Amino acid sequence: MEEKTIQIAGSITVDELATALGLSVTELIGTLFKNGIVATINQRLDFETAQIIIDELGLENVKLERKNTSTKTSDFHRELSDKAVTRPPVVAVMGHVDHGKTTLLDTLLHKKTVDDEAGGITQHISAYQLKHNDRLITFLDTPGHEAFAAIRQHGAMLTDIVVIVVAADDGVKPQTVEAINFAKSANAKIIVAINKIDREGADVNRTMADLSQHGLQPEEWGGDIVMVPISAKMNQNLDQLLDMILLTADIEELKADVNIPAEGLVIESHMEVGKGSVVNVLVTGGELKTGKFIVAGNTYAKIRTMLDWQGKPKGKAAPSTPVTITGFKELPSFGDKFIEVKDEKTARKMALLNAQAAANESASANVTSGDLLRMMNVADNTKTFNVIIKGDVLGSVTSVVDSLKMIDTKGEITLNIVSTGVGDINENDVYMAAGDNTVVYGFNVSVPVNINKMAARDGVPVRTYKVIYELLDDAKHEMENLLDAEIIEEDKGELKVLGVFRTEKTAIIAGGEVLTGDVKPGYLARVVRNKKYLGETEVTSVQKEKMDVNVLVAGETGGLAMSTKSKIDLQVGDRLKFFTRESRKKSL
Ligand code: GDP
């Protein structure tokens, strides 16, 4: 049979799917009907539903593909012209928590930020520039905790060089490995900073061996990864590290065109009273100037003000320069590509096109696979955890959402993000959450007193956090509470019945020999005759030589009193298979 591929951008109508499959609409509607769905010709089906229908029809030659209609970053990796000029390297510092990323950036920038961070974690991605040997290096201050994996992954895309900080007294840790993987997936060059060499217990060689176990071979040992032993705190060897960054940049011949319309990426955005949208961007090509129009995602700006990372006004920004701009109509999203256009009309039109493309992509399907499964009566035992997320800036909202999605719910819980937004928790959030077991989470935002009262009245849980992993812990806990308890049974032993002294409706007294394991009061027993299950009993007491005992072990004979729910005609020769049963809260 001829193979056929159907591309679906978000969702597909019944009509379109029928045409693509070469079926009549009636035939397709018939199949849907058989599966309990009453569909009309214009009904939109999501990707999963379409897949289930195709499986149902047994169309093995048809392959469905998700089509990406986004125009956001499609034209990002352009060919450089021969007029391209050298640009500063963009460097991200990554590594395990507490290995010294913040200290390294601080010492490098002579800037003290460690103390005022909640939980000691850098919360927002931002960027800095510094000069070494009269050349600029751009540093992305990527957040440190694993919960920010999402942001870091975006961060890595902008990055030419990843400096992986590994504490010499601690070695390679999970987030070190994560950083290595990110750097590799982003095609960035890796330089390792082996930190805290001033510490007692620091072992550079062992750390290098540890790193080579994880695929990073030090140059000293014939590999291709530059590793610089440093002390971020004592400012030791930092010049050497910067030398190595510039050397790597030279080898990579990092260049950009400047005679093209400016382009780059949004790395942070938030609202500020009096200023409106405040957006940090990193220019990757062209030159950004105040007064110009740029489009990012579904919004655009006439750049009103532009500041460098130290807050000084800047008229134009060359490639690899991070700047803070104002003038966006609405907040663009973290990771959005921006591009300069010639006038407001074009800007408005492009923003609109981008919005349409995005809407198309997530065109709300009328029938989702969840509906379909439910209608097909396929057991759908998953429970739903509803959340509303509010954050101080878009970047943190994105991080919280991405991190929540990364919680492995083992397929038992569906995360339903009811809404997200920037700003304090408000009436609307509480209103939306009411009556639906929805938790409202705030990250770095506050809850006005009247809103708190309203939430208490409506029984809506509103929780605010300043440290993301505490928020995630809470969410995980909430999800665990939704899980049905798990029944755990453990086999204990077996007894052969040698005598039956009394069998009543709900009680049995019998004697026998323990063949394996043991029996104790409180154990449950399955009564088995010739491999046939007769019923269940609970051991209420155990006797040995007519004395109550706590246990009978293999080889011993004794008597048992048992209770039953319904009468069991126990006979000599039957087996009692002992076990315990515990209902345990499931964890994720
Ligand atoms: P991050 O979580 O990776 O950003 O780590 P921090 O920069 O916050 O550092 C964690 C702790 O290690 C702090 O108490 C720092 O003072 C300390 N630290 C960082 N670098 C060094 C170093 O080179 N030597 C010593 N002795 N301590 C360091």
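These remarks concern the structure in this document. Treat the numbers as computed from the prediction; the structure is a model and nothing was measured.

## Details of the pairing of strand β24 (residues 462-465)
Working step 1: The sheet contact formed by strand β23 (residues 438-443) and β24 spans 4 bridges and is parallel. Residue pairing in the sheet places Phe443 in a bridge with Tyr465 of β24.
Working step 2: For the handedness criterion, the β-α-β arrangement of β23, helix α13 (residues 449-458) and β24 is classed as right-handed.

## Examining the site of the ligand
Working step 1: The immediate surroundings of the ligand are formed by 15 residues, with Asp98, Lys101, Thr102, Thr103 and Asp198 found nearest.
Working step 2: Contact between the ligand and Thr102: an oxygen atom at 2.5 Å from a side-chain N or O atom of the residue.
Working step 3: Between the ligand and Arg199 there is a distance of 3.4 Å, counted from a nitrogen atom to a side-chain nitrogen or oxygen.
Working step 4: Calculation on the ligand without its partners gives an accessible area of 580 Å², and the protein chains cover 84% of this total.
Working step 5: Looking at side-chain class alone, the shell around the ligand contains 2 nonpolar, 7 polar and 6 charged residues.

## Structural notes on the packing of aromatic side chains
Working step 1: Counting across every chain of the model gives 3 aromatic pairs.
Working step 2: Arranged with centres 5.4 Å apart and planes meeting at 85°, the rings of Tyr128 and Trp309 form a pair that is edge-to-face. Here Trp309 lies in the loop between β17 (299-307) and β18 (316-317) and Tyr128 lies in strand β7 (residues 126-132), a separation of 181 residues in the sequence.
Working step 3: For Tyr128, a relative accessible area of 9% gives the class buried.
Working step 4: The exposure class assigned to Trp309 is partly exposed, which follows from its relative accessible area of 24%.
Working step 5: Lying over the aromatic face of Phe579, Arg526 brings its terminal NZ or CZ to 3.8 Å of the ring centre.

## Topic: the packing of helix α1 (residues 14-21) against helix α2 (residues 25-34)
Working step 1: It is the contact of α1 with α2, at a shortest axis distance of 9 Å, that shows an interaxial angle of 115°. In terms of orientation, α1 and α2 fall into the roughly perpendicular class. Pair α1 / α2 crosses with right-handed handedness. On α2, the residues touching Val14, Asp15, Leu17, Ala18 and Leu21 of α1 are Val25, Leu28, Ile29 and Leu32.
Working step 2: Its residues assigned to classes, the contact of α1 with α2 shows 8 nonpolar, no polar and 1 charged.

What counts, and at which threshold
- Residues numbered from 1 in each chain as written.
- Predicted model: local features only at pLDDT ≥ 70, side-chain atom pairs only at ≥ 80, totals over all residues.
- Heavy atoms only, no water.
- Pairing = 2+ DSSP bridges.
- Helix = DSSP H or I, 4+ residues; strand = E, 2+ residues; numbered from the N terminus.
- Right-handed = clockwise from strand over helix to strand, strands pointing away.
- Near = heavy atom within 4 Å.
- Polar contact = N/O pair within 3.5 Å; in protein donor to acceptor, adjacent residues only side chain to side chain.
- Areas by Shrake-Rupley, 256 points an atom, 1.4 Å probe, with all protein chains shown as cover.
- Nonpolar A, V, L, I, M, F, W, Y, C, P; charged D, E, K, R; others polar.
- Phe/Tyr/Trp six-rings, centres within 6.5 Å; stacked < 30°, edge-to-face > 60°.
- Buried < 20%, exposed > 50% of the residue type's maximum accessible area, 1.4 Å probe, protein only.
- Lys NZ or Arg CZ within 6 Å of the ring centre and 35° of its normal.
- Axes fitted to C-alpha atoms, helices over the stretch in contact; angles between N-to-C directions.
- Parallel < 35°, antiparallel > 145°, perpendicular 65-115°, else oblique.
- Left-handed = near helix turned anticlockwise from the far one by under 90°.
- Contact = heavy atoms within 4.5 Å.

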